[in-house]
Amino acid sequence: MMLNRRTFSAALLAGAAASLVSTRGMAAPAAPVKARNIVLVHGLFADGSCWSEVIGRLQAQGFNCTAVQNPLTTLPEAVASAQRVLDRQDGPTVLVGHSFSGMIVTEAGIHPNVSALVYVAARAPDAGEDYAALAKTYPTPPATAGIVFDGDEGRLGEEAFLRDFAGDLPEAKAKVLYAVQEPFHKALLAGKTANAAWRSKPSFYAVSTEDRTINPDLERFMAKRMGAKTIEVKSSHLSMISHPDVITNLIIEASGQQA
């Protein structure tokens with residue numbers, strides 16, 4: 001039965017009181033409230049269609065799914081686009097982010113409708129943290145060298161896209177994804193999160209072990225820091241496309257449901 005917002009909030013409080021885990025001294029619910037709504041956010045070099053493989057599988061399981069069309073302009077505008085979608089949800093909602101959109105999940109995830117967070121090879125900063133500075137403490141991933149700018153708009157060049165972003169996808173499929181990538185604005189990269197939703201919401205993380213866009217060891221660090229339920233996928237940066245069953249199952253686990 002679908003929970004309304006009042007009973008959902010009460011359930012969150014009850015869950016937090018009943019069972020707590022420690023993450024760097026912060027308490028978070030050990031298990032998510034049951035949810036039937038899934039909101040998915042894309043990152044750089046992509047658009048909402050990157051979630052199509054996962055969405056079809058979730059819909060077959062009876063989930064209500066919405067892919068946010070992230071404007072990739074500024075972080076506040078990107079967060080606002082996700083918040084508008086979260087406002088429309090009618091109960092507990094799992095918020096899922098890939099790559100850069102982990103910034104959005106981390107900020108927008110404090111929304112009262114959000115019951116759990118799922119990070120797929122995603123950024124997961126702490127509140128106010130300089131993510132770029134954090135990333136520089138790890139070896140620079142190869143995809144970074146492939147970013148090209150036309151004025152204030154950035155995109156990933158074709159060679160880097162095929163090799164370093166979508167390296168384990170069939171070339172024909174990767175070329176289609178390359179064709180639909182949405183340019184991002186330089187201003188987007190300057191944003192910092194004011195909140196860290198993973199400090200108060202159950203969190204799940206899928207590390208891509210063959211990632212050439214975000215350093216896998218950085219992904220492991222962020223997942224461990226947040227105390228997330230973590231899986232490792234032998235995948236490129238696009239695990240939700242190359243391994244959609246694995247990512248779908250993680251999202252279902254975050255929903256408190258069974259596949």
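Residues numbered from 1 in each chain as written. Predicted model: local features only at pLDDT ≥ 70, side-chain atom pairs only at ≥ 80, totals over all residues. Heavy atoms only, no water.

**Details of the pairing of strand E5 (residues 93–98)**
Of all six residues making up E5, six are buried, and the element is well covered by its neighbours. Neither face of E5 is left uncovered, since the one carrying Thr-93, Leu-95 and Gly-97 and the one carrying Val-94, Val-96 and His-98 both have all their residues buried. When strand E3 (residues 37–41) meets E5, the two strands line up parallel, connected through five bridges. Across the sheet, Ile-38 pairs through a bridge with Val-94, a residue of E5. Looking at chain direction, E5 and strand E6 (residues 114–120) are connected through six bridges and run parallel. Note on E6: the bridge partner recorded for Thr-93 is Val-114. For the segment spanning E5, helix H4 (residues 102–108) and E6, crossover handedness is right-handed. (Buried < 20%, exposed > 50% of the residue type's maximum accessible area, 1.4 Å probe, protein only. Helix = DSSP H or I, 4+ residues; strand = E, 2+ residues; numbered from the N terminus. Pairing = 2+ DSSP bridges. Right-handed = clockwise from strand over helix to strand, strands pointing away.)

**Considerations on the confidence of the model for the protein chain**
Averaged over all residues, the pLDDT of the protein chain equals 90, while 88% of them reach at least 70. For the stretch residues 1–29, pLDDT sits under 50, and the model shows 48 contacts to residues farther than four places along the chain or on other chains. (pLDDT = per-residue confidence, 0-100. Contact = heavy atoms within 4.5 Å.)

**Considerations on the pattern of salt bridges**
By the definition in use, this model includes 13 salt bridges. A salt bridge links Glu-159 to Arg-163, with the nearest nitrogen and oxygen atoms 2.9 Å apart. Within this pair, Glu-159 and its partner Arg-163 are both found in helix H6 (residues 158–165), separated by four residues, close to a single helical turn. For Glu-159, a relative accessible area of 59% translates into the label exposed. Overlapping salt bridges bring together Glu-53, Arg-57, Lys-173 and Asp-245 as one network. (Salt bridge = Lys/Arg side-chain N within 4 Å of Asp/Glu carboxyl O.)

**Structural notes on the packing of aromatic side chains**
Tallied over the entire structure, the rule returns seven aromatic pairs. Ring centres of Tyr-119 and Tyr-205 lie 6.0 Å apart, and the angle between their planes is 10 degrees; on these two criteria the pair is classed as stacked. Residue Tyr-119 is found in strand E6, and its partner Tyr-205 is found in strand E10 (residues 203–208); the two are separated by 86 residues along the sequence. No difference in accessibility class separates Tyr-119 from Tyr-205, as the two residues are buried. Ring geometry for Tyr-138 against Phe-221: centres 6.4 Å apart, planes inclined by 45 degrees, an arrangement best described as tilted. Of this pair, Tyr-138 sits in the loop between helix H5 (131–135) and strand E7 (147–150) while Phe-221 sits in helix H8 (residues 216–225); the two residues are 83 residues apart in sequence, bridging distant segments of the chain. Here Phe-221 falls in the partly exposed class, since its relative accessible area comes to 31%. Among the aromatic residues, ring-to-ring pairing joins Phe-45, Phe-149, Phe-161, Phe-165, Tyr-178 and Phe-184 into one connected group. (Phe/Tyr/Trp six-rings, centres within 6.5 Å; stacked < 30°, edge-to-face > 60°.)

**Re the sheet that holds strand E4 (residues 64–68)**
The strand order E4-E3-E5-E6-E10-E11 describes an open sheet built from six strands, whose pairing is parallel. Single-partner strands in this sheet number two, and they are E4 and strand E11 (229–233). Across the sheet, the mean angle separating the axes of adjacent strands is 15 degrees when strand polarity is ignored. Set on the sheet, helix H2 (residues 52–60) makes contact with E3 and E4; between it and E4 the angle comes to about 160 degrees. Where H8 meets the sheet, its contacts fall on E10 and E11, and the angle it forms with E10 comes to roughly 165 degrees. (Axes fitted to C-alpha atoms, helices over the stretch in contact; angles between N-to-C directions.)

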